[in-house]
Amino acid sequence: MPTSMPLQAYLVLAAVLFAIGLFGVVTRRNTIGILLGIELMLNSVNINLVAFARFAGDTAGLVFTVFTISITVAEVALGLALVILIFRVRRTVVADHLDLLQG
Amino acid sequence: MSLEPIAFGVLSVVLVASALAVVLTKNLFHSVLWLALALTGTAGIFLTLDAEFLAAVQLLLYAGGVVTIAVFAIVVTERLVGDRITQTSRQLTNGFVIAAAVLVGVLSFVLRAPQSGPRPPIAEDLTRAIGESVLTRYVLPFELLALLFLAALLGAIYFARPDD
Amino acid sequence: MTVDPGTLAAIALLLPAASFLLLAVAYPLRRSGRVAGLVSILGAAGALAAALGAWARQTPEGMTRIAYEWIPQEAGSLATVGVLADADSTIMLVLVALVSLLVQVYSLGYLDAEPRPALGRYYTYQSLFAFSMMGVVLAPGFLQLFVFWELVGLCSYLLIGYWYERPEAARAAVKAFWITKAGDMGLLIGIVLLWYRAGTFDYLEIYDLVRAGQLSVAGLGLVTFCLYLGAMGKSAQFPLHVWLPDAMEGPTPVSALIHAATMVTAGVYLLRRTIWLFALTPDVLHLIGWIGAFTALLAAVLACVQSDIKRVLAYSTVSQLGYMMSAMGAGFAAAGFLHLLTHGVFKALLFLGAGAAIHATGTNDIYRMGGLRRALPQTHIVFVVGTLSLAGIPLFGGFYSKEEILGAVWSGRLVWPFWMLVVAAFLTAFYMFRVVFIAFWGERRADSHGGPHGHGGGHLHDAPAVMSVPLWILAVLSVGIGIYFVRHHGEPEFTAPGWLTPLAVGVAVGGIVLAWLTYQARVVSADDLARAFAPIRRAAQARFWLDDLFEGLYRGALLGLSRLVGWVDRYIVDGLVNMFSAWTLMWGDRLRRIQSGLPQDYVYGLAVGLLLLLIWVQWPR
């Protein structure tokens, strides 16, 4: 057992979380479910940022993590508001039905 | 010897498991709860990286804010539908293949990189350093962030307004 | 202070150009009709004065050349523009200016019923034509000649199609343009070939080369033949003569000026200018002589069966051009040129006289005229003068020059062409007096008065002064020329046999007598005559099927080519374009399906992009 985990351990963990989030984004039918997947992916990015900042001894990464978290929260708020709006207009939250942009 | 590797191992297991639960569970509401667990686990990971302030922010904003909003959204849409939303998945195989491929791509990249050095000692209080950075060097992005929040607030209200 | 002939000739050239530009640019002036006519007439009168001055100052051997650089090249200039005044060009200039002026004055009376804008347009064309024709006459080199050559062709087209609302006129204009263009292509090729050999377009420089024997004779026949093709088209030689009779759809003064006196003689004039070049290729000269004589005979036969007075004159013009050409072909250019000048005078007279008759009766048909001798005494006199000139009766304009041609052809040892010309001379006298006896003598037809010119009411009268004065001037000139040549025999380039004069006069008188017996005394039945020559008559009435031949060629070759080009355009050019547009549409349609509109499909796209990036970054190198 090492005395402390190397950077790669954190990056691998983040990669796994990212892949799981991606899986969720592409497989969920419900738009809220898709948003939850996006949250997971962003979360893994945050882990990366913090880990790099810690191992590089630079606080900039930490500051950016603060920013990303904040922006994510704003995005989620807007995204869910959009979901509600779409539901009111189209009576559905199923992403497959939202194909107005079809070519 | 420290507890850090042990904590990391436990947290990793919890994180991966809860993340899988988020994307696989049928009940949307349960999904959100699992997400809350995953976000909390992430806060724990931040703690192992000596970022106590970020862990707090993570808990407050993410686990608190995001989960609350998501629950609200679910409740509101369910009330509009008048029925419980069950959520199903599509194209599971495709999703698995693409996610696994990305995972392999990233992992091979990460694992082939040279081993990083040990983490440097912490010179000062990280929370204090973040606070000083935000109010000095990153003050402009910080203010812009405030503006963004305002815009998001207005936008959310506008979207969610009752029908005229 | 003496002004040299070259400057005067240049002034004569530029005056009609000025009046043309004025009429073309000043819109209200052009629309004003008769005022525009006066502007044009003033230009022509000034040109005539300048031309006469140039001619009077011109010595037989003198030569004035004014040249400006036109197309520069590294050493010297590729082409010059200017005037070349010598004995031939100044006398020709006088003829062009004189006939132009008389015709323009005459047109004031002949076209008095035209609306004003149309009349202004007519005089604009007339000025342009006078300028262009003088440019042809004065051109010092082939390139400038070609430019003016095409310009006169354009004027001819415009004036034949003057009554462009009439389908026949429009068709005739296009036909004239097409057929002369066919010849002009030959001329252009010939000019370029000659330039390739001689390195210059200038007559004098080429002449010096020929004199010095530096122009290689081998293969020169092709060059001169190509040049002759241009002359053939313009001067209506067989088989390119078919446009000239149709050109009679234009106003009669136009026919007098362009299609009798001046433009059609441009081909003869070109040969006169460059006879030293053609002399190097005797084979081509022989061909010219034969074709000329054949044209003269063919056209004379055709003229015998026409009932349209203008068409008779048109075929007669073709026939006389054949005379001139055969003199050229015999190598005696001066004889042909002399006939060009006299013919210009009396043929203009004949056309204008015919125009006066047409103007009075409103018809072109000689069988519907009849008895005009009493109704139009002046017209009758001048027309008979012209006819006698054309027939070649002594004391009249055409006698001496026609005899010169016969003598030249005989001396040139063109025996068969000579006899063809003699027969043509007989026919000439016959068909011209046929017109005189039927239209002017004979009985007056009941329906021969009144017409589109508004002279109805049963009373025919002579033309007004603006028309009759030019007629009298030309008539006096015709007689004057005839008497002049009786008194002054020039120095001929050859010695004609002594029996030539009696023969020439004999056949002319014979033709007149036959016409008198047939159409006036009616001793010989016209029907019997027609029966005797039935096959020729039928062929002549069908114009020897030449028009049909050309039409067939046009249909077969040109339309065939057009169809081929159309096919290429439709299926290959358009096909390529359509193929590309179809491919674009097809691929657009296929690529369209990528845009499913489903958000998660776009996430797939992002993920695949990310994968590609990862693979690219990690690709073993």
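Data block above holds the structure.
Summary of the structure given here. Quick caveat: nothing in here was measured; it's all calculated off a predicted structure.

## Points about the overall build of chain B
- Each helix and strand counted, chain B has 6 helices and 0 strands in total.
- Each helix (α) and strand (β) of chain B, taken in turn from the N terminus, gives the series α-α-α-α-α-α.
- Counting over 164 residues, chain B shows a buried share of 27%.

## Here we look at the pairing of strand β2 (residues 77-86) of chain C
All names here are of chain C.
- In this sheet, β2 lies alongside strand β1 (residues 63-72) in antiparallel orientation, the contact comprising 9 bridges. Opposite I71, over in β2, you have A79 as the bridge partner.
- Joining the antiparallel neighbours β1 and β2 is a turn of 4 residues, in which G76 adopts a positive phi near 70°.

## As for the interface of chain A and chain C
- Listed as interface residues are 11 residues of chain A and, on the opposing side, 12 residues of chain C.
- Considering only residue class, the side of chain A that touches chain C consists of 7 nonpolar, 2 polar and 2 charged.

## Looking at the interface of chain B and chain A
- With 75 residues of chain B at the contact, the number on the chain A side is 63 residues.
- Taken together, the elements giving at least two residues each to the side of chain B that touches chain A come down to α1 (4-24), α2 (28-48), α3 (52-81), α4 (92-112), α5 (126-135) and α6 (139-159) of chain B.
- Partitioning the side of chain B that touches chain A into residue classes produces 55 nonpolar, 16 polar and 4 charged.

## Topic: the environment of A:G79
Residue and element names in this part refer to chain A.
- Following the sequence through the fold, G79 ends up in helix α3 (residues 60-90).
- Among the residues examined, G79 registers 22 C-beta atoms within 10 Å and is labelled buried.
- Along the sequence, G79 and L35 sit 44 residues apart, while their C-alpha atoms lie 7.6 Å from each other.

## A closer look at unusual backbone geometry
- Of note, the bond from C:F238 into C:P239 is cis; its omega dihedral lies within 30 degrees of zero at 0°.
- Mapped onto the fold, C:P239 is located in the loop between α9 (220-234) and α10 (243-246).
- Residues other than glycine seldom take positive phi values, yet B:D50 does so here, at roughly 65°.
- Relative to the helices and strands, B:D50 is located in the loop between α2 and α3.
- On the basis of neighbour counts, which here come to 15 C-beta atoms within 10 Å, the residue B:D50 falls in the partly exposed class.

Rules of the game
- Residues numbered from 1 in each chain as written.
- Chains lettered and ligands numbered in written order.
- Predicted model: local features only at pLDDT ≥ 70, side-chain atom pairs only at ≥ 80, totals over all residues.
- Helix = DSSP H or I, 4+ residues; strand = E, 2+ residues; numbered from the N terminus.
- Buried ≥ 20, exposed ≤ 12 C-beta atoms within 10 Å, placed from the backbone.
- Pairing = 2+ DSSP bridges.
- Contact = placed C-beta atoms within 7 Å.
- Nonpolar A, V, L, I, M, F, W, Y, C, P; charged D, E, K, R; others polar.

Remember that the coordinates give geometry; whether it matters functionally is a separate question.
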